[in-house]
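Structural characterization, general
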Amino acid sequence: MVAMKGVILISTYPDEANALKAARGAVDSRLAACVNIAKIRSIYRWEGKVEDAEEYLALFKTTEDSLPRLKEFISSTHPYKVPEMVSIAMDSVSERYMAWMVESISS
Amino acid sequence: MVAMKGVILISTYPDEANALKAARGAVDSRLAACVNIAKIRSIYRWEGKVEDAEEYLALFKTTEDSLPRLKEFISSTHPYKVPEMVSIAMDSVSERYMAWMVESISS
Amino acid sequence: MVAMKGVILISTYPDEANALKAARGAVDSRLAACVNIAKIRSIYRWEGKVEDAEEYLALFKTTEDSLPRLKEFISSTHPYKVPEMVSIAMDSVSERYMAWMVESISS
């Protein structure tokens, strides 16, 4: 198993256009190897009220080394005042997929 | 980084109405800050048969402290005999998002 | 809490038919208790180009013991040259759901 650690960074966007723009920006600038985007419905508390809104969930697949720069990119480009940025550790990654991630991100 | 730990609790529901009811209940009673709901197709083994059903995946975003009460809420209100309740650790959470989660849950 | 550890194995497929085939195969052969499939849009780098494609995300719910055989099954049947196989640790699992997973996988 390649030593580098993989990470999934989760964020949410108000619409598909914003999610796609962030995803393309992250992959273009080699901060993420891949971004999966799914349409979701979100229930959340904001300024004292419980909101119900359509959103888009974005799963940025990256490496531990690139995570700080990816977070910087997402927070500086995100349309929300308080964007979600939650990272989940990849417990194991198949060797060839990890090699592809490292190659897509760092070179 | 705020010391409190974040958690994603995953469950699945038979339809959107049940998922929304649980999500609103959890956010209303400050057991979760946010719930993302996605339409999925599930293949699973139940009573000896392999089933293929439309379901709704619910990702409850909460804190480690509130996880036991959220689990209690979900299991006592869930329509399934054996509801899925799987928690995933949030490895890192952006400071402002974590502060918002803590404020939405505990106060 | 049952001692066995639960795992979510994440992979992606080019279309729903391939995802369903893998899901049925894994559940039929007791390598996974349940598979959730969601339609996604993926942005990724492949052979120097940034691609934008519809895909299907598959979340295989299994146990730590069965993970190696599930990986073997996925890699030997996957249509991609470099399939994504990323595992995420289940931090906690409700006891009855874990018992159902163990029963659906091993017996």
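The preceding data block contains the structure.
Throughout, residues of each chain are indexed from 1 in the direction in which the sequence is written. Starting at A for chains and at 1 for ligands, labels are handed out in the order in which the entities are written. Local features in this predicted model are restricted to residues of pLDDT 70 or higher, and side-chain atom pairs are both shown and tallied only at a pLDDT of 80 or more, whereas totals for entire chains, interfaces and linings draw on every residue. Excluding hydrogens and water, the side-chain figures rest on all heavy atoms present in the structure.

**What about the relation of the copies chain A and chain B?**
Both copies of the chain are related through a single rotation about an axis accompanied by a shift along the same axis. Definition in use: Copies are brought into register by a least-squares superposition over C-alpha atoms of residues with pLDDT of at least 70 in both. Residue contacts are counted whenever heavy atoms from the two residues lie within 4.5 Å of one another.
Between the two copies, chain A and chain B, the superposition gives an RMSD of 0.0 Å; the rotation angle is 120° and the shift along the axis is 0.0 Å. Read as a symmetry element, the transformation amounts to a three-fold axis. Taken together, the interface assignments show that only 8% of the residues at the interface of chain A recur at the interface of chain B, consistent with different surfaces on the two copies.

**Examining unusual backbone geometry**
The cut-off we apply is this: Runs of E in the DSSP output that reach at least two residues are strands. Runs of H or I that reach at least four are helices, and both are numbered from the N terminus.
For E47 of chain B, which is not a glycine, the phi torsion comes out positive at approximately 50°. Along the chain, E47 of chain B turns up in the loop between β2 (34-46) and β3 (49-63).

**Focus on helix α3 (residues 95-106) of chain B**
Defined as follows: Helix span, expected: 1.5 Å multiplied by one less than the number of residues in the helix. Exposure categories follow from relative accessible area, calculated using a 1.4 Å probe and restricted to protein chains: below 20% of the type maximum is buried, above 50% is exposed, and the middle band is partly exposed. The directions considered for the arc run from the helix axis to the C-beta atoms.
Along its twelve residues, α3 of chain B runs 16 Å from first to last C-alpha, staying within 8% of the 16 Å computed at 1.5 Å per residue. Listing the buried residues of α3 of chain B in full gives Y97, M98, W100, M101, S104 and I105 of chain B. Taken end-on, α3 of chain B shows its buried residues confined to a sector of 160°, consistent with a single buried face. In α3 of chain B, the exposed positions angled more than 90 degrees off the buried face are occupied by R96, E103 and S106 of chain B. In the core, the buried residues of α3 of chain B are packed alongside β2 (34-46) and β4 (86-89) of chain A together with β1 (6-13), β2, β3 and β5 (92-93) of chain B.

**Describing the side chain of S87 of chain A**
Here S87 of chain A shows up in strand β4. The residues contacting S87 of chain A, other than those within four sequence positions of it, are V7, I8, L9 and L67 of chain A together with A89, M90, D91 and S92 of chain B.

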